[in-house]
Every structure is written in C-alpha cells, then in structure tokens.
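Each chain, written out:
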Amino acid sequence: MSDPNAIFQNAYYIGNNFNTILYGVELVLYFATVWLIWHNRTEGRKRSNNLFLFFSTGLLLMITIYVAVQSVFGEEMWIVNADYPGGNGQYLADNAAVWYQTFGSAASIVLNLMSDGLLIYRTYVVWSDWKVVVFPSILYLASAALGILTCYVSGTPNSDFFLGKAADIALSYSTVVIGLNVTCTAFICGRILWVARRMEATLGRDVSRTYTGAASLIVESMLPYTLFGIAYVVTLGLNSPYEIFFLSVYVMFTCLSPQMIILRVLMGRGWTRDAATSTGSARFVTNPTTSAGGSTTRFTYRSDGTGIALKSLAKSDMSSPDFGADSKV
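The shown structure was predicted, so the numbers you read here are calculated from the model rather than taken from an experiment.

Rules and cut-offs
- Residues numbered from 1 in each chain as written.
- Predicted model: local features only at pLDDT ≥ 70, side-chain atom pairs only at ≥ 80, totals over all residues.
- Heavy atoms only, no water.
- Helix = DSSP H or I, 4+ residues; strand = E, 2+ residues; numbered from the N terminus.
- Contact = heavy atoms within 4.5 Å.
- Areas by Shrake-Rupley, 256 points an atom, 1.4 Å probe, with all protein chains shown as cover.
- Axes fitted to C-alpha atoms, helices over the stretch in contact; angles between N-to-C directions.
- Parallel < 35°, antiparallel > 145°, perpendicular 65-115°, else oblique.
- Left-handed = near helix turned anticlockwise from the far one by under 90°.
- Nonpolar A, V, L, I, M, F, W, Y, C, P; charged D, E, K, R; others polar.
- Core = buried A, V, L, I, M, F, W, Y, C linked by side-chain atoms within 4.5 Å.
- Buried < 20%, exposed > 50% of the residue type's maximum accessible area, 1.4 Å probe, protein only.
- Phe/Tyr/Trp six-rings, centres within 6.5 Å; stacked < 30°, edge-to-face > 60°.
- pLDDT = per-residue confidence, 0-100.
- Patch = residues over 30% accessible without salt bridge, like charges linked within 9 Å, V, L, I, M, F, W, Y side chains within 5 Å.
- Salt bridge = Lys/Arg side-chain N within 4 Å of Asp/Glu carboxyl O.

Q: Report on the overall build of the protein chain, specifying residues and quantitative values.
A: Counting its secondary structure elements, the protein chain contains 10 helices and three strands. The helix and strand sequence of the protein chain, counted from the amino end, reads α-α-α-α-α-α-α-α-α-α-β-β-β. In the protein chain, once contacts between residues fewer than 6 apart in sequence are set aside, the share between residues at least 24 apart is 74%. Summing over all exposed atoms, the protein chain offers an accessible surface of approximately 15,500 Å²; the carbon and sulfur share of this is 65%.

Q: Any chance you could break down the packing of helix 2 (residues 46-80) against helix 3 (residues 87-95) for me, citing the residues and the numbers?
A: Any two packed helices are characterised by how steeply their axes cross, that is the angle between the axes, and by the distance between the axes. Contact geometry for helix 2 and helix 3: axes closest at 9 Å, N-to-C directions at 135°. The angle between the axes of helix 2 and helix 3 places the two elements in the oblique class. Viewed along their axes, helix 2 and helix 3 form a crossing whose handedness is right-handed. In this structure, helix 2 uses F73, E76, M77 and W78 to contact helix 3, whose residues at the interface are N88, Y91, L92 and N95. When its residues are assigned to classes, the contact of helix 2 with helix 3 shows five nonpolar, two polar and one charged.

Q: Account for the side chain of Q259, naming residues and giving values.
A: Mapped onto the elements, Q259 comes out in helix 10 (residues 243-266). Setting aside chain neighbours within four positions, we find Q259 in contact with E26, L29, Y30, T33, S56 and L59.

Q: Outline the nonpolar core, supporting the account with residue identities and numerical values.
A: Counting 68 residues, the largest nonpolar core has I63, F73, L111, Y232 and L247 as the members making the most contacts within it. Per element, the largest residue contribution to this core is 15 residues, and it comes from helix 10.

Q: Give me the lowdown on the environment of A106, citing residues and values where you can.
A: By the secondary structure assignment, A106 is in helix 4 (residues 99-127). Sequence separation between A106 and I65 is 41 residues; the distance between their C-alpha atoms is 9.5 Å.

Q: Please give an account of the packing of aromatic side chains that cites residues and values.
A: How two aromatic rings sit relative to each other is set out by the distance from centre to centre and by the angle between their planes. One pass over the structure, following the stated rule, counts 16 aromatic pairs. A ring pair is formed by W127 and F187, whose centres lie 6.2 Å apart and whose planes are at 75°; its orientation type is edge-to-face. With W127 in helix 4 and F187 in helix 6 (residues 164-203), this pair connects stretches of sequence that are 60 residues apart. We classify F187 as partly exposed; its relative accessible area is 30%. A network of ring pairs unites the aromatic residues F8, Y12, Y13, F73, W78, Y84, Y91, W99 and Y100 as a single cluster.

Q: I'd like a description of unusual backbone geometry, backed by residues and values.
A: Backbone geometry at S128 places phi at a positive 55°, although glycine is not the residue there. Tracing the sequence through the fold places S128 in the loop between helix 4 and helix 5 (134-154). One non-glycine residue, N239, lies in the positive phi region at around 55°.

Q: Could you give an account of the packing of helix 4 against helix 5, naming the residues involved and the relevant values?
A: Packing of helix 4 against helix 5 leaves a shortest axis separation of 10 Å and a crossing angle of 175°. The angle between the axes of helix 4 and helix 5 places the two elements in the roughly antiparallel class. Contact residues: helix 4 offers T102, A106, I109, L113, D116, G117 and I120, while helix 5 offers P136, S137, Y140, S143, A144, G147 and C151. Taken together, the residues of the contact of helix 4 with helix 5 break down into eight nonpolar, five polar and one charged.

Q: How would you summarise the side chain of S115 if you had to cite specific residues and measurements?
A: Counting through the fold element by element, S115 comes out in helix 4. The residues contacting S115, other than those within four sequence positions of it, are L59, M222, Y225, T254, C255 and P258.

Q: Report on the confidence of the model for the protein chain, specifying residues and quantitative values.
A: The predicted structure's coordinates, where accompanied by low pLDDT, should not be read in detail. Of all residues in the protein chain, 75% attain a pLDDT of 70 or more, and the chain-wide mean is 79. Taking the mean pLDDT of every element in the protein chain, the minimum, 38, falls on strand 1 (residues 282-287) and the maximum, 94, on helix 1 (residues 4-38). Every residue in residues 275-328 is under pLDDT 50, and counting partners more than four places away or in other chains gives 126 contacts.

Q: Requested: an account of the environment of I65, with residues and values cited.
A: Within the secondary structure, I65 sits in helix 2. Here I65 falls in the buried class, since its relative accessible area comes to 17%. Each C-alpha atom of the pair I65 and S108 lies 8.5 Å from the other, and the pair is 43 residues apart in sequence. Setting aside residues no more than four positions away along its own chain, I65 makes contact with F103, G104 and A107.

Q: So what's going on with a nonpolar patch on the surface? Residues and values would help.
A: On the surface, a nonpolar cluster with roughly 440 Å² of combined accessible area is contributed by V182, L227, I230, V234 and L238. A total of three residues in the nonpolar patch trace back to one element, the largest contributor, which is helix 9 (residues 223-237). Take L238: its relative accessible area is 64%, and that puts it in the exposed class.

Pasting the structure below:
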C-alpha cells in the first residue's frame, strides 16, 4: 500500500477502533473511581474526593467529545459522503476545518492541559521540591499558548491540521507538550528508582515493590502517555500518514494515564503529599481500631525528602479497606 491517502484512511479507521476500545477502558476506570469515592465518604476526605470526582468527570467529558467527533467525521467521510467528488481524500481536505473538528481539537487541548497539570503536580509530590517543577511549569504555560493558537489556526476556513501552517504550529505545540511529558516522566522514574534501591535495603523487595515496582513506575510517570506522544510527534514531524493513528492513541492515554493515577491513589497505593517529609527515619504507627474492629499497623518509611506509607490490614478488615490520610493527593 503505497498511496499516502490510503494509508492515512486505514490508520484513521484503525485509530477510531482503538479509540472505542480504550474509551471502554476509561469508562471502567471512571466508574471504579466513583465507586471508591462513594464508599469512602469520610468527612476528612470530602474535599479531596470531590476534587477527584470533578477532575475525573472533566477527563471523561473531554475524551467523550474527542471520540464522538472522530467517529462522526469518519462516518461522514466514509459512509454519508462515500461518492464525494475526488474521493475521501478530497473530502478530508475540504472539511478538515469543520466546526465540530475544531471542537474536538479544543477538547483534546483542554485534556492535555488537565493531564499535564496533574503530571507536574505528581512530579512535585514525588520529589517534594518545588524547584524540580519550575522548568516543566514554563513548558506548561508555553503549551497552553501554542494550544490555543493551534486550535485557532486549524479551525480557520480551508485549513488542515496535518498540512501547511496549521501543521507547523501543531508540531511546535506537540513538541513542547512532549518535552514537558519527557521531563516530568524522567524526573518521576528517576526518583522512584532511586527510592526503590534504598527501600529494598531497608524493607526488602516484596514490601517495596508496592510503591516502587513496575506498576508504580508506569502509572506514576504516565509512561504510556509519554511514549505514544513521542511516537506521534515523530510521525507528525516526518509527515507520515500514520500520524493519525498515534494521535488517536496518544489522546486516549491523555485521559487514561491521569485516571489510573487517581484510581491508584484512592486504592492507597499512590505516592502522597502527606507522605513526603524531610526526615530520615522509619517508624510504626498502630491504630487501635478499624471500621471492622480489627487492628491496623502502618509502617512509614522516610528518606531524604520522600516518604511512603505502607499498610498491613488485619484479615477482619480486608473487605473494608482504610484509605485514611495516606490516599490524599
């Protein structure tokens, strides 16, 4: 298949299928988040739970708009206007700036801003040092300005997100965003790996794996979001017809990655702001009772500005997990 338009159309179709699959995953994660919030309605967690709920709902709303727009445009291009003069390639060229495509682009940019804001905050949480997030914050402000400009230029009549001036601005915007992602991901991965080595020497591999294992590394650093973003920027820069596929998956992980972080925090497995301390000690804290009447022992490991709370619940309390203060973002 050497025709660039044919490759682009196939990549668009496959990307839409991936959108549908990953949207189903997002729905599962969202309702799992709502379930955990609903079953953890303590007064001390009301504020953070409301924040989680509003943020998760905002992510779901933005990704719903994006998926719907991509599906509708595909239907219009392949089915409703199957006999369009010049074929589907000409239909794409003539209608790439249609109002609902601009609406979808705006939704994806808002989604990026929400996800990148959370990523910067998680970098601060993991490091407990505001100096680490100064450079990512500058990139964040630049990405916001370029995102607005991208949305405006690509939405002008006879414009195309993947061609001409709009494509150049979109490439600049995407490069800044991916630069932010790579920077924060590297900071988070480096910190987690560093702490993992210290924790293994103190607590052993099995205990430390909950907070410093592969799952923690992938979720906390939003690694899939960053990797698919790199793939998208590379294909966009090369003007490859496969760019639309990587764009689709990248936007989906713009929603999925922060949703996984929120779910992990609510499950009591995420790195937390309360856990970040500047002391270098280890201590046990035992709460006399839990909601099920059993005892709860919490071991807190602290080292050079990063703390991780590890819990071991009595068997009688396994059906009613205590998230406590350690699940705060």
